[in-house]
Amino acid sequence: AKYLGVIRSQLTALSEMVERILTMSREEREDFTLRRERILLAGMLGALAEKFRMQAAKPARVTVDVSPEGLTAFADRFHLSHALDNLVDNALKYSGEEVHIRISAGRDGGRVVLRVADDGIGIPEKDLPRICERFYRVDKDRSRNSGGTGLGLAIVKHLVRRYNGEMEIRSKVNEGTNITIRLP
Ligand code: ATP
Ligand code: MG
């Protein structure tokens, strides 16, 4: 049972890696088209929070704040939720024994501001400039057990760029990480 457990978790990590690499290469293709559809953010973020509450293997408080309540984004539903999924996945993985994750959406002039904030382990300042590079991971020993590939943020950054949006990362070791996406 023990070895089957190990095999199962390695297989899961592997299929996640394959999926991410495929997404990445698909998104890099020139002819790749992003749909633009109205997305009710409260619904999307609420579903995302619920998913992570259920799959978390540690005490995780996941809160959602959308203001104004009926706020919508104009983007591709599949890709936007995949990007936010990557951010919440990180917030959950790179934290201590328990974590509080705040997912929020708001408006800034004509732009939609999406934010995922956590009170996890944080990212050292020296790593911040490279954190969105493909396969870049902080402190391999510390993050080895989390089974990541280092592609999540690269994919998010790529997608945000495709929408002419901006991505901002703020982080402090032992205090937490705050990732903000602004979309036109
Ligand atoms: P993947 O997302 O492909 O499974 P990954 O999580 O390692 O793998 P990224 O999501 O690109 O890759 O993140 C890169 C690195 O940035 C991570 O390995 C981790 O060291 C650091 N990191 C990302 N998000 C956070 C966070 N919220 N708190 C602390 N460190 C983070
Ligand atoms: Mg990740």
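The shown structure was predicted, so the numbers you read here are calculated from the model rather than taken from an experiment.

J.: Would you take a moment to explain the nonpolar core for this structure?
T.: If you look at the biggest cluster of nonpolar residues, it comprises 41 residues, and the most contacted ones within it are L41, L80, L84, L87, I101, I103 and L114. For this core, the elements supplying multiple residues, two or more each, are α2 (41–55), β2 (60–66), β3 (72–75), α3 (77–93), β4 (99–108), β5 (111–118), α5 (152–162) and β7 (176–183). The leading source of residues in this core is α3, at seven residues. If near-sequence neighbours (up to four positions away) are discounted, L87 is found in contact with V116, L153, V156, I179 and I181.

J.: Help me out: how do you make sense of the side chain of T180 in this one?
T.: Mapped onto the fold, T180 is located in strand β7. You can call T180 buried: its relative accessible area is 4%. Within polar-contact distance, the side chain of T180 engages the side chain of R115 at 2.9 Å. In this structure T180 touches V113, L114, R115, E166, M167 and E168, once residues within four positions along its chain are discounted.

J.: Looking at this structure, how should I read the pattern of salt bridges?
T.: Pairing is possible between side chains of opposite charge, provided their charged atoms come close. Taken as a whole, this structure holds nine salt bridges when the rule is applied. As a salt-bridge pair, K126 and D127 come within 3.2 Å of each other at their nearest N and O atoms. Accessibility expressed as a relative area gives 5% for D127, which makes it buried.

J.: Would you explain the packing of α3 against α5 in this entry?
T.: Helices that pack against each other are described as a pair by the angle of their axes relative to one another and the distance between those axes. Where α3 meets α5, the axes come as close as 9 Å, and the angle between the chain directions of the two elements is 145°. The chirality of how α3 crosses α5 is left-handed. Counted together, H79, L80, H82, A83, N86, L87 and N90 of α3 and G152, L153, I155, V156 and L159 of α5 form the full contact between these two elements. When its residues are assigned to classes, the contact of α3 with α5 shows seven nonpolar, five polar and no charged.

J.: Teacher, can you tell me more about the site of ligand 1 here?
T.: Neighbouring residues of ligand 1: 20 residues in total, closest R20, Y94, R137, T149 and G150. At 2.8 Å from an oxygen atom of ligand 1 is found a side-chain nitrogen or oxygen belonging to N90. Within the side chain of D118, one N or O atom sits 2.9 Å away from a nitrogen atom of ligand 1. Within the complex, the protein chains bury 97% of what would otherwise be the 590 Å² of accessible surface of ligand 1. Elements with a contribution of two residues or more to the shell around ligand 1: α3 and α5. The element best represented in the shell around ligand 1 is α3, accounting for three residues. For the shell around ligand 1, the residue count by class is nine nonpolar, seven polar and four charged.

Thresholds, definitions, all that
Residues numbered from 1 in each chain as written. Chains lettered and ligands numbered in written order. Predicted model: local features only at pLDDT ≥ 70, side-chain atom pairs only at ≥ 80, totals over all residues. Heavy atoms only, no water. Core = buried A, V, L, I, M, F, W, Y, C linked by side-chain atoms within 4.5 Å. Buried < 20%, exposed > 50% of the residue type's maximum accessible area, 1.4 Å probe, protein only. Helix = DSSP H or I, 4+ residues; strand = E, 2+ residues; numbered from the N terminus. Contact = heavy atoms within 4.5 Å. Polar contact = N/O pair within 3.5 Å; in protein donor to acceptor, adjacent residues only side chain to side chain. Salt bridge = Lys/Arg side-chain N within 4 Å of Asp/Glu carboxyl O. Axes fitted to C-alpha atoms, helices over the stretch in contact; angles between N-to-C directions. Left-handed = near helix turned anticlockwise from the far one by under 90°. Nonpolar A, V, L, I, M, F, W, Y, C, P; charged D, E, K, R; others polar. Near = heavy atom within 4 Å. Areas by Shrake-Rupley, 256 points an atom, 1.4 Å probe, with all protein chains shown as cover.

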